[in-house]
Amino acid sequence: MLGLYEAAHLRVHGEDILDEALAFTTTHLKSMVEQLDYPLSLQVNTALYRSIRKGLERLEARWWKNLDFSSKSPFVRDRVVETYLWIVSACFEPQYSYGKIIQTKLLALITVIDDIYDAYVTHEELELFKEAIERWDDNGIDKLPEYMKPCYQVVLDVYKEIEERENQERSYCVHYAKEAFEQKRGHVASAIECHMKQYGVSEEQAYNEFHYQIENAWMDINQECLKPIAILMLLLNRVFNLSRVLDAVYKEGDGCR
């Protein structure tokens, strides 16, 4: 029954038999798990919490430690391990080692900037930071408050590292990455809050709708994986692995339940 439960998670749209199989096995596994012996009981509980299909295949902090944000900007969260988990889970293959390092650094910097915006910055200081980012050179650093200077300098250093590594054929990557950093950031309502307001539903109804959409998205991924094309599959694997990370990180807590 556990095998059928796991297999049913590979279902795609329109496979009513597998839909019924998933509902049937979920109900019966939940009802019998308390009577099972160890280690089967642990295996069933683990599967009910997260199926193999949604599980991660694999779960450079020195750079972060050397930046010393803990003393320079103590209000900044230390989430470098979490950011690395996101990246390494999506691109765990060894040939992507350079990409993993760069993406982890960029994601960590986004966290720093997010914390500066949320916990510390005034409107006037925000304008100064935006102007410095738009200039994108060392000359803008002197006009920034002291607590912003380390972050701004690290942004310049990381992108300089990327530019030195990439050749002329891939210089466009740096251009688009810089453009992304220069976009305006604002506080927005959560997807749940937007859905509640737009459709006039309760929080519980909004959560149920999002869980329904998530299950549909998993079936979309399964559908595409059944007809792989070489280049497309490289992209699909990233989407698939990031979906696994989302399930692992947000299944409980941090905005989801």
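The structure displayed is predicted, hence computed values, not measured ones.

### As for the packing of helix α8 (residues 123-135) against helix α9 (residues 149-165)
Link 1 in the chain: Two numbers describe how α8 lies on α9: the axes approach to 11 Å, and their chain directions differ by 20 degrees. By the angle between their directions, the pair α8 and α9 is classed as roughly parallel. For the element pair α8 and α9, the recorded crossing hand is right-handed. Seen from α8, the contacting residues are F129, A132 and I133; seen from α9, they are C151, Y152 and V155.

### A few points about the packing of helix α6 (residues 80-90) against helix α7 (residues 97-119)
Link 1 in the chain: Relative to each other, α6 and α7 sit at 135 degrees, their axes nearing to 9 Å. Judged by the angle between their axes, α6 and α7 are oblique. For the element pair α6 and α7, the recorded crossing hand is right-handed. Between α6, through V80, T83, Y84, W86, I87 and V88, and α7, the contact on the second element is made entirely by K100, Q103, T104, L107, A108 and T111.
Link 2 in the chain: Classifying every residue of the contact of α6 with α7 gives seven nonpolar, four polar and one charged.

### Focus: the environment of W64
Link 1 in the chain: With respect to the secondary-structure elements, W64 resides in helix α4 (residues 61-67).
Link 2 in the chain: Residue classification places W64 among the buried residues on the basis of a relative accessible area of 9%.
Link 3 in the chain: Considered as a pair, W64 and A108 are 44 residues apart in the sequence and their alpha carbons are 8.5 Å apart.
Link 4 in the chain: Residues contacting W64, with those up to four places away along its chain left out, are F69, V76, R77, D78, V80, A108 and V112.

### What to know about helix α12 (residues 203-225)
Link 1 in the chain: With 23 residues, α12 should reach 33 Å at 1.5 Å per residue; the first-to-last C-alpha distance of 33 Å fits that figure.
Link 2 in the chain: Among all positions in α12, only A206, Y207, N216, W218, M219, I221, N222 and C225 are buried.

### A look at the packing of aromatic side chains
Link 1 in the chain: Enumeration over the complete set of coordinates arrives at three aromatic pairs.
Link 2 in the chain: Between W136 and Y159, the ring centres sit 5.0 Å apart and the planes meet at 80 degrees, which makes this aromatic pair edge-to-face. Of this pair, W136 sits in the loop between α8 and α9 while Y159 sits in helix α9, and the two are 23 residues apart along the sequence.
Link 3 in the chain: With a relative accessible area of 14%, W136 lands in the buried category.
Link 4 in the chain: Consider the rings of W218 and F240, whose centres lie 6.1 Å apart with planes at 85 degrees: the pair is edge-to-face. On the criterion of sequence distance, the pair formed by W218 in helix α12 and F240 in helix α13 (residues 230-250) is long-range, its members being 22 residues apart. Just as W218 is buried, F240 falls in that class too.

### A few points about the side chain of S51
Link 1 in the chain: Structurally, S51 can be placed in the loop between α3 (40-49) and α4.
Link 2 in the chain: Ignoring anything within four residues of it in the chain, the contact list for S51 reads E6 and H9.

### Considerations on the nonpolar core
Link 1 in the chain: Within the largest apolar cluster, 33 residues are counted, with the highest numbers of intra-cluster contacts made by W63, W64, I116, F129, C151, Y152 and V155.
Link 2 in the chain: The biggest single contributor to this core is α7, with nine residues.
Link 3 in the chain: Counting eight residues, the second-largest nonpolar core is a separate cluster that includes Y5, L22, L29 and A47.

### With respect to the pattern of salt bridges
Oppositely charged side chains can form a pair if their charged atoms are brought close together.
Link 1 in the chain: Counting across every chain of the model gives six salt bridges.
Link 2 in the chain: When the shortest N-O distance is used, the salt bridge between R50 and D247 registers 2.6 Å. For the pair formed by R50 and D247, the shared burial category is buried.
Link 3 in the chain: The partner of K130 in a salt bridge is E127, with the nearest N and O atoms 3.7 Å apart. One end of the pair is K130 and the other is E127, both in helix α8 and three residues apart, which spans about a single turn.
Link 4 in the chain: Of the residues examined, K130 reaches a relative accessible area of 21% and is grouped as partly exposed.
Link 5 in the chain: Taking the relative accessible area as the measure of exposure, E127 reaches 28% and is therefore partly exposed.
Link 6 in the chain: One salt-bridge network, held together by shared partners, links R11, D19 and E215.

Reading the values: rules and limits
- Residues numbered from 1 in each chain as written.
- Predicted model: local features only at pLDDT ≥ 70, side-chain atom pairs only at ≥ 80, totals over all residues.
- Heavy atoms only, no water.
- Axes fitted to C-alpha atoms, helices over the stretch in contact; angles between N-to-C directions.
- Helix = DSSP H or I, 4+ residues; strand = E, 2+ residues; numbered from the N terminus.
- Parallel < 35°, antiparallel > 145°, perpendicular 65-115°, else oblique.
- Left-handed = near helix turned anticlockwise from the far one by under 90°.
- Contact = heavy atoms within 4.5 Å.
- Nonpolar A, V, L, I, M, F, W, Y, C, P; charged D, E, K, R; others polar.
- Buried < 20%, exposed > 50% of the residue type's maximum accessible area, 1.4 Å probe, protein only.
- Expected span 1.5 Å × (residues − 1).
- Phe/Tyr/Trp six-rings, centres within 6.5 Å; stacked < 30°, edge-to-face > 60°.
- Core = buried A, V, L, I, M, F, W, Y, C linked by side-chain atoms within 4.5 Å.
- Salt bridge = Lys/Arg side-chain N within 4 Å of Asp/Glu carboxyl O.

Distances and angles like these do not, on their own, reveal function.
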